[in-house]
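Single-letter residue listing:
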Amino acid sequence: MNYRLVFRLIGRLLLMEAALMLPSLLVSVLHGGGDTMAFVYAILITCVCGALPAFLLKPKQTDLNPRDGMVVAGISWAVFSFFGCLPFVLSGAIPHFADAYFETVSGFTTTGATILTNIEALPKGILFWRSFTHWIGGMGVLVFTLAVLPKLSGRSSHLARAESPGPTFTKLLPRMGDTAKILYGLYIVLSVVMFLCLLGAGMNVYDALIHTFGTAGTGGFSNYNASVAAFNSPLIEWIIALFMMLFGVNFAVYFHLIRRELGQIGKNEELWVYLAVVLAATLAITIAILPQYGNFFTALRYGFFQTASIISTTGFATADFNLWPVFAQSVLVLMTFTGACAGSTGGGFKISRLVLLTKSGFRDFKHTLQPRKVAVVRIEGKAVQEGTLSTLGVYMFLYVLCLIVGTLWVAAEAPDFTTAFTTSLTCLNNVGPGLGAVGPVNNFSFYSPATKWFLSLQMLAGRLEIYPILALLAPSVWKKN
């Protein structure tokens, strides 16, 4: 490993994180919540710790290889969360470090799971930072860095590949820096449009910003204990639900839309499967909960909102789906597995992987019937390499293994199997709420510090899609180049 280059990059990331705390400091000053000095100290500490490696380390080699990219991704997200939790600890809003780290990891990984029991009691600057971590983590810490510092390394695409969700990474333009700028440009435009829509629907500026951050990053942190249900506004719910779906779409689709490449969009199989799953799940849940609400349009409103919230892995809530029929809960759990599209801000297993697994399964079944026939798996008209399918199989094994280990770990403390299983599932898939004791009106505060540390690791593994975290555990990775 190129230690000097890796830690120099992490130092620059910390300097950027210190700069990203400044808007929260401004909000704290404006609202006077008593958390101003906590942000001042957090910014100073982060600046000093980032400046030392950023300016003192001079690497001889500036080319970043795939192994170093994995290490930077794994370390940077863990370190980013460590320094990101300083405002919570220093302000006393979340005094226990394990709790503060869990909350911060949940923010940056856009999971939305919380240990807070009274969200509205926290200062506005702290709540702003808490939700802003969603927006930062939504598109990716490293992708954001590449957009701001495109000459960060000789082979910066390894950074983006290490943290980008999905089985493959698509460069929109030849230069990785240009691709990162386009991605963040689209991200900002969609965020601004949503912010203006929420203002038009009656939200104040602060609430609109908080819920835009939570939706754009598909994280789900709200500044109200009742989440989006606190507004009791069908219009606000429809706006947020629509944008949750939009942020769950691969951003390459919007790039093709701007360039009027409608043919590229038309043959995007993942997009159409995603929309079909949303439609089917919404109708299924609506029919299931109709007797509970007595009105089709009310049931449709709740059904569509929770469908969009879970499949995009946002985690906002307008109803306690713990009280819904088992069938409706089962549909939500299935969508927790699927997640959103690759290349979006959403988490989960990804629709593209499910499409590839399905096609690969049909191909293998046909092969048993006609062993001599050579069949190729295709997606969007292009042949998928066997190496990609093999990697997909390995990833699925690791994914299921992480889910099983997580369930067994949590089962030692959870009150029932439903809680244990959905706790592991929702953290690994970066969704937020589960069922049972971790339902939409509950929280994760009852778990021990050891379990919170474990769940923080599981959230990081889910956001980075396992491999960068595993890379940190491999002794060979730490050998010098």
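Residues numbered from 1 in each chain as written. Predicted model: local features only at pLDDT ≥ 70, side-chain atom pairs only at ≥ 80, totals over all residues. Heavy atoms only, no water.

A closer look at empty space enclosed by the protein
The method is simple in principle: a probe with the dimensions of a water molecule rolls over the atoms, and the space it marks as empty is what remains. Applying the stated criterion across every chain yields a total of 2 cavities of 30 Å³ or more. Reported here for the largest cavity is a volume of approximately 80 Å³. Taken together, I310, F321, Q329, L332, V333, T336, T422, L425, T426, P433, G434 and L435 make up the full set of residues lining the largest cavity. Split into classes, the residues belonging to the lining of the largest cavity amount to 7 nonpolar, 5 polar and no charged. (1 Å grid on protein atoms, 1.4 Å probe; cavity = no way out; pocket = protein on both sides within 12 Å on 5 of 7 lines; lining within 4 Å. Points joined across faces, edges and corners; volume = space filled by probe spheres on them. Nonpolar A, V, L, I, M, F, W, Y, C, P; charged D, E, K, R; others polar.)

Some words on the packing of helix α7 (residues 124-139) against helix α11 (residues 205-216)
Interhelical geometry of α7 versus α11 gives an angle of 30° and a closest axis separation of 7 Å. In terms of orientation, α7 lies roughly parallel with respect to α11. In terms of crossing hand, the pair formed by α7 and α11 is left-handed. Of the residues in α11, those in contact with K124, L127, F128, S131, F132, H134 and W135 of α7 are Y206, L209, I210, F213, G214 and A216. For the contact of α7 with α11, a count of residues per class yields 9 nonpolar, 3 polar and 1 charged. (Axes fitted to C-alpha atoms, helices over the stretch in contact; angles between N-to-C directions. Helix = DSSP H or I, 4+ residues; strand = E, 2+ residues; numbered from the N terminus. Parallel < 35°, antiparallel > 145°, perpendicular 65-115°, else oblique. Left-handed = near helix turned anticlockwise from the far one by under 90°. Contact = heavy atoms within 4.5 Å.)

Overview of the packing of aromatic side chains
Inspection of every chain in the model, using the stated rule, returns 36 aromatic pairs. Residues F247 and F251 carry aromatic rings whose centres are separated by 6.3 Å and whose planes lie at 40° to one another, so their mutual orientation is tilted. Accessibility assignment for this pair places F247 and F251 in one class, buried. Taking 5.8 Å as the distance between ring centres and 15° as the angle between the ring planes, the aromatic pair formed by F417 and F421 counts as stacked. Of this pair, F417 and F421 both sit in helix α20 (residues 417-428), 4 residues apart, which is roughly one turn of that helix. Exposure remark for F417: the relative accessible area of 59% places this residue in the exposed category. (Phe/Tyr/Trp six-rings, centres within 6.5 Å; stacked < 30°, edge-to-face > 60°. Buried < 20%, exposed > 50% of the residue type's maximum accessible area, 1.4 Å probe, protein only.)

Details of helix α12 (residues 234-247)
Given a rise of 1.5 Å per residue, 14 residues ought to cover 20 Å, and the 20 Å separating the end C-alpha atoms of α12 matches this to within 8%. Looking at α12, one finds that the buried residues are I236, E237, I239, I240, A241, F243, M244, M245 and F247. (Expected span 1.5 Å × (residues − 1).)

Some remarks on the pattern of salt bridges
Counted under the stated rule, the structure contains 9 salt bridges. Here K452 and D99 are joined by a salt bridge, their closest N and O atoms 2.6 Å apart. With a gap of 353 residues between them, K452 in helix α21 (residues 449-463) and D99 in helix α6 (residues 97-108) connect regions that are remote in the sequence. Owing to a relative accessible area of 15%, D99 belongs among the buried residues under this scheme. A salt bridge links K359 to E269; its shortest N-O distance comes to 2.6 Å. Of this pair, K359 sits in helix α18 (residues 351-369) while E269 is found in helix α15 (residues 269-293), placing the two residues 90 residues apart along the sequence. According to the relative accessible area criterion, K359 is partly exposed, its value standing at 26%. With relative accessibility at 24%, the residue E269 sits in the partly exposed group. (Salt bridge = Lys/Arg side-chain N within 4 Å of Asp/Glu carboxyl O.)

Things to note about unusual backbone geometry
In this structure, T313 is a non-glycine residue whose phi angle is positive, near 60°. Within the fold, T313 resides in the loop between α16 (296-311) and α17 (326-338). Take T313: its relative accessible area is 0%, and that puts it in the buried class. Here the phi dihedral of K350 falls at roughly 90°; this positive angle occurs in a residue that is not glycine. With respect to the helices and strands, K350 occurs in the loop between α17 and α18.

Remember that the coordinates give geometry; whether it matters functionally is a separate question.
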